[in-house]
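Report on the structure
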Amino acid sequence: MNRFKVSRFRHAAAKPARKEAWIRDIRAGSATSCGNHIKSSCCLIAFNADSAGVLGIVPLESRDGGKRAVSQLCCHSDVVTDFDFSPFDALLLATGSADETVKVWRLSESGQDLPSCPGVTLGPAGCQVETLQFHPTADGVLVSGAGRTAKVWDVAQQKPLTALEPHGDLIQSVAWKQDGTLLGTSSKDKKLRIFDPRTKPAAAQSIQGHENNKDSRLLWMNASDYVLSVGFSQMREREVKLWDTRRFSSSLVSFALDTSPGAAIPLLDPDTGLLVVAGKGENLLYCFEVCPSLPALTQVTQCLMEGKTKGATLVPKRALDVMSCEVLRVLQLTDSFIVPISYTVPRKSLQEFHEDLFPDSTGPVPAASAQGWWAGDNKQVEKMSLNPARRPRETFTSCLFPPARREEPAPPAAQQPTARSGDVERSEGSSLSSPTSSLSSPSSSAPSLSTTSTSQKSLQSILGPSSKFRHTLGTVLPRGTHITNLKGLNLTTPGESDGVCANRLRVAVPLLSAGGQIAVLELSKPGRLPDTSVPTIENGTPVADFCWDPFDLQRLAVAGDDAKIRLWRIPPGGLQETLLEPEAMLRGHTEKIYSLKFHPLAADILASSSYDMSVRIWDLQAGREELCLRGHRDQIFSLAWSPDGRKLATVSKDGRVRVYAPRQSPEPEQEGPGPEGGRGARLVWVCGGRYLLVSGFDSRSERQLYLSDAGSLAAGPLAVLSIDTAPSTLIPFYDPDTSVVFLTGKGDTRVFVYELIPEAPFFLECNSFTSSDPHKGFVFLPKTECDVREVEFARALRLRQNSVEPVAFRVPRVKKDYFQDDIYPATTVCWEPALPAAAWRAGTNGQHRTISLQPRDMTPVSVAPQDTPSRKYVPASVYLEEKSDEQKKEELLSAMVAKLGNRDDPLPQESFEGVDEAEWD
């Protein structure tokens, strides 16, 4: 440090953990915010996941050296900007978000059974919450910075104690003094401010901090009057400054780090004065020792990491391995890993506790309550020794709200009603994982799971029904099947549109070009598209929705913003030149059209919905409107034909689901409750038309599935399944042959998979498919495109930013040489109409014929010869027979002799010839 004083940390070394100790299989988010993106308590780690509004939760230490499971906490409807663990209760987590709220959660010690709703919600704040921090001495006091205003909250009372004077610009950081008396902030107006919140809302002191308004941070040096700030200079150099708040006119020390553009994350240990600075997007960690008394800021070491830093945090002092002289532990968040880095001081003896390295630290018990602190109580948290031999074992549980209860299993003989939205479980995985979900029954009249008596109990009755598709594998097919170099994709199609549509020959995607252009790509010609522009359909107006005619593979219907529907005919072999004139144009709607659906059985019948709150049914052969359905009071989100083509269902923004019999009446035949949220919804008929599956949002913007009896909509949904919290509407794709539904949204990275059954619990979870980057659209192909020899039961096309790639969903089976007839029932010939438009209008009902997908050279697995399992091991009864000790000794002796040879054989020395006695003389 200087020639008169030698630092005890001068030889401290940073050692990243071995790769086996890294926390793997995480998907870190890349949202821009002022937070650190990762925080740690003494038992849990929280980090920003790749989905908006979701945090990943993982235990700090692995149990029995096993792999740590990563769970996901769906906490907000928008990006989580900052979060903080309570310094006293290791399971209490506060989160702030762009949805303008602060929520406080109680987690489980294992990090697995995560809550579905917060214990406390604070706000809304009126603008995006940027930063937050718990109070260091009082339980239940929290400060949050949103926009230009910082508020101090009493969490238990769910109300602000004070709102501080507005800053000149966006607040970038907040920091409590260690004794809890003062609060410091840094903001985009380049100023550092010191507040005494209990005295007055105005700043007691303020000073120009850093000359650049990029991300700046402020930290207190323990309970002293010194603060550290990190920011950018006028020359865009990253710099660290040490300030004395008693003489706040200028900094004591200024240290220039480098000219890197990444925001700096400062991590300070107030007990030792060690400061670690990590840069977002970089792989270098700086470590300094701060000595305010000199004053001095001395570099101790640097650590070069393998991956780029997305976030960083310090592990609490109470969780360090002090007997290994570990003075700091940093957790580095990268794209796919959390890497622990231990800072250790080499000592000759590791058998004793080194008091000089580990001064007493703050304990886990708060010194005051929120109301006591606000009334002026300045009691300090009692210090504790880090010596394992003298360290207290007490833990603290905050009284802000009661600990989460662990549900006791119900008796097997009793009926178990469908559970309310509650704790959920998410298994980890790289590209395959089970989705977080919670099943609830909205009414007590909903069917419940019945169980058998104890004497008849079986594995299925204990665990509940399971799906034969639960081990579904979603696989992206080889690159040779992809269509690449797709340019100018339009990502602004309305939320009611899927954004892509396909049949077995072609895929159509909208382009971001003037005139509402649509590219039509031939699936039979995969590969790289030319760098020059490809032939397109020029619609003449922005595209709202589009879909292929299921019975005429050359015809594409396109709805535009001008309230007209244009029908385009693609020449055989695909587009060779830009199409400028449609085959036909339909007029009738008075507002923008946003949804199109062809009839599933009748040729030339098309339904459309519009902002004029009507659904119109068209006869394309005649080129005119035939029916107009009324009764909607707000925007129509989605419409769907029933499988038999007799009815049509809609879901709208007024929170109602309606079913029409179009040929009988223009008014709804039935009406019932739908999703509460007004952000969007989709619906589809399932289980042979007996039920309606609706995807939407609840009042907290959580994505949910609603299953209703199509014959009694007024009774409400039979079951509600909570999926996660994300901004995009889940689009359901239902396979009637297997009763499997696939759900994903535009901009999602995950496809959820469920098998639907007509009795409780209704939803059977299957493995979901996860991709490395968000997809812009997802559409499924006809069943005939599946490779049954690979037990592929669904095939989809995934639209990326610049490519289209096929995804195969397969079921792993042992006997793949046989046709899996339990997975492939006879499928409908959905590409042939069952009746003409005129017959359907006249009241005739049709039905598709079916065909088998079984290849001629394959035998059904149901008639395959049954293999008799051969016994590979000696039965246990052989080893369990009663034997006496003498028998066991004899068997052991016999076994040893068998290895050495026969006991009756002469020993080798017995055959040697002796020496005559006379020869010894």
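Residues numbered from 1 in each chain as written. Predicted model: local features only at pLDDT ≥ 70, side-chain atom pairs only at ≥ 80, totals over all residues. Heavy atoms only, no water.

When helices and strands are tallied, the protein shows five helices and 67 strands. Counted over contacts in the protein with a minimum sequence separation of 6, partners at least 24 positions apart contribute 53%. Carbon together with sulfur atoms contributes 49% to the accessible area of the protein, which is approximately 41,300 Å² in total. (Helix = DSSP H or I, 4+ residues; strand = E, 2+ residues; numbered from the N terminus. Contact = heavy atoms within 4.5 Å. Areas by Shrake-Rupley, 256 points an atom, 1.4 Å probe, with all protein chains shown as cover.)

Within the protein, residue pLDDT values average 85, and 88% of them lie at 70 or more. Note that residues 404–439 has pLDDT below 50 and, in this model, 104 contacts with residues that lie over four places away or in other chains. Counted against residues more than four places away or in other chains, residues 441–459, with its pLDDT under 50, gives 37 contacts. (pLDDT = per-residue confidence, 0-100.)

Take the sheet that holds strand 13 (residues 149–154) next. Read across the sheet, four strands follow the order 10-12-13-14 without closing on themselves; strand pairing throughout is antiparallel. Sheet topology places strand 10 (129–134) and strand 14 (159–163) at the edges, where each strand pairs with a single neighbour. Pairs of neighbouring strands in the sheet enclose a mean axial angle of 30°, with direction left out of account. By the bridge criterion, five bridges tie strand 10 to strand 12 (residues 141–146) in an arrangement that is antiparallel. Within strand 12, the residue paired with phenylalanine 134 across the bridge is leucine 142. (Pairing = 2+ DSSP bridges. Axes fitted to C-alpha atoms, helices over the stretch in contact; angles between N-to-C directions.)

Our next topic: the nonpolar core. Residues Val327, Val330 and Tyr343 are the most contacted members of the largest nonpolar core, which totals 29 residues. Elements with a contribution of two residues or more to this core: strand 23 (264–269), strand 24 (274–279), strand 25 (284–291), strand 26 (296–304), strand 27 (311–314), strand 28 (326–333) and strand 29 (338–344). Each residue touching valine 327, except ones within four places of it in the same chain, is listed here: Phe9, Asp269, Leu274, Lys317, Leu320, Tyr343, Val345, Leu357 and Phe358. Counting residues in hydrophobic clusters, the runner-up holds 24 residues, among them Phe778, Phe780, Ala794 and Val811. (Core = buried A, V, L, I, M, F, W, Y, C linked by side-chain atoms within 4.5 Å. Buried < 20%, exposed > 50% of the residue type's maximum accessible area, 1.4 Å probe, protein only.)

For the structure shown, the criterion picks out 20 aromatic pairs. Centre to centre, the rings of tryptophan 243 and phenylalanine 248 are 5.7 Å apart; their planes meet at 65°, and the pair counts as edge-to-face. Taking the relative accessible area as the measure of exposure, tryptophan 243 reaches 2% and is therefore buried. A centroid spacing of 5.9 Å and a plane angle of 25° characterise the contact between phenylalanine 780 and phenylalanine 809, whose relative ring orientation is stacked. (Phe/Tyr/Trp six-rings, centres within 6.5 Å; stacked < 30°, edge-to-face > 60°.)

This part is about the sheet that holds strand 19 (residues 217–220). Overall, antiparallel pairing links the four strands, which are arranged 19-20-21-22 in an open sheet. One side of each edge strand has no neighbouring strand; the edge strands of this open sheet are strand 19 and strand 22 (253–258). The mean angle between the axes of side-by-side strands here comes to 20°, regardless of whether they run parallel or antiparallel. Here four bridges tie strand 19 to strand 20 (residues 226–232), and the two strands are oriented antiparallel to one another. What sits directly across from leucine 219, in strand 20, is leucine 228.

Further remarks concern the pairing of strand 7 (residues 92–97). A large share of strand 7 lies buried, amounting to six of its six residues. Pairing of strand 6 (residues 80–85) with strand 7 involves five bridges; the strand directions are antiparallel. Each residue of the ladder has a partner; that of aspartate 82, found in strand 7, is glycine 96. The loop that links strand 6 with its antiparallel partner strand 7 comprises six residues. Inspection of the sheet shows strand 7 paired to strand 8 (residues 102–106) by five bridges, in the antiparallel sense. Residue pairing in the sheet places alanine 94 in a bridge with valine 104 of strand 8.

It is worth spelling out the pattern of salt bridges at this point. Considering all chains together, one arrives at 56 salt bridges under this definition. For glutamate 625, the salt bridge is made with arginine 616, and the minimal N-O distance between the two is 2.9 Å. Judged by its relative accessible area of 8%, arginine 616 falls in the buried class. Note that aspartate 644 is salt-bridged to arginine 646, the shortest N-O span being 3.8 Å. A network of salt bridges, in which partner residues are shared, links Lys177, Asp179, Asp225, Asp244, Arg246 and Arg247. (Salt bridge = Lys/Arg side-chain N within 4 Å of Asp/Glu carboxyl O.)

Attention now goes to the pairing of strand 55 (residues 691–697). Of all the seven residues making up strand 55, seven are buried; the element is thus mostly covered by neighbouring parts of the structure. Side chains Tyr691, Leu693, Ser695 and Phe697 project from strand 55 onto one buried face, and the interleaved Leu692, Val694 and Gly696 project onto a second face that is buried too. Where strand 54 (residues 682–686) lies against strand 55, five bridges are found, and the strand directions are antiparallel. Following the sheet pairing, leucine 683 is matched in strand 55 by valine 694. Connecting strand 55 to the antiparallel partner strand 56 (residues 703–709) that follows it, the hairpin turn spans five residues, and serine 701 within it adopts a positive phi of roughly 65°.

Our next topic: the side chain of serine 642. With respect to the secondary-structure elements, serine 642 resides in the loop between strand 50 (636–641) and strand 51 (648–652). Classification of serine 642 as buried rests on a relative accessible area of 3%.

Most peptide bonds take the trans form, and the phi angle of most residues other than glycine is negative. Looking along the chain, the bond that leaves leucine 294 and enters proline 295 is cis, with omega of -15°. Locating proline 295 in the fold gives a position in the loop between strand 25 and strand 26. Geometrically, the link from alanine 760 to proline 761 is a cis peptide bond, its omega value of 10° lying close to zero. Among the secondary structure elements, proline 761 is positioned in the loop between strand 60 (750–756) and strand 61 (763–765). The phi torsion at arginine 236 lies on the positive side, around 65°, for a residue other than glycine. By the element assignment, arginine 236 lies in the loop between strand 20 and strand 21 (238–244). Classification of arginine 236 as exposed rests on a relative accessible area of 61%.

Once that is clear, we can look at the environment of glutamate 394. With respect to the helices, strands and loops of the structure, glutamate 394 is situated in the loop between strand 32 (383–384) and strand 33 (432–433). Residue glutamate 394 is classed as partly exposed on the basis of its relative accessible area of 49%. When residues no more than four places from it in sequence are discounted, the contact partners of glutamate 394 are Pro364 and Val365.

The next subject is the environment of histidine 210. Mapped onto the elements of the fold, histidine 210 is located in the loop between strand 18 (205–208) and strand 19. Separated by 18 residues in the primary sequence, histidine 210 and leucine 192 have C-alpha atoms spaced 8.7 Å apart. Apart from the residues lying within four places of it in its own chain, the contact partners of histidine 210 are Lys190, Ser229, Val230, Gly231, Phe232, Glu239 and Lys241.

We now examine the environment of proline 87. Its location among the elements puts proline 87 in the loop between strand 6 and strand 7. Of the residues examined, proline 87 reaches a relative accessible area of 31% and is grouped as partly exposed. Separated by 276 residues in sequence, proline 87 and glycine 363 have C-alpha atoms that sit 9.0 Å apart. Discounting residues that sit within four places of it in the chain, proline 87 has contacts with Phe134, His135 and Arg318.

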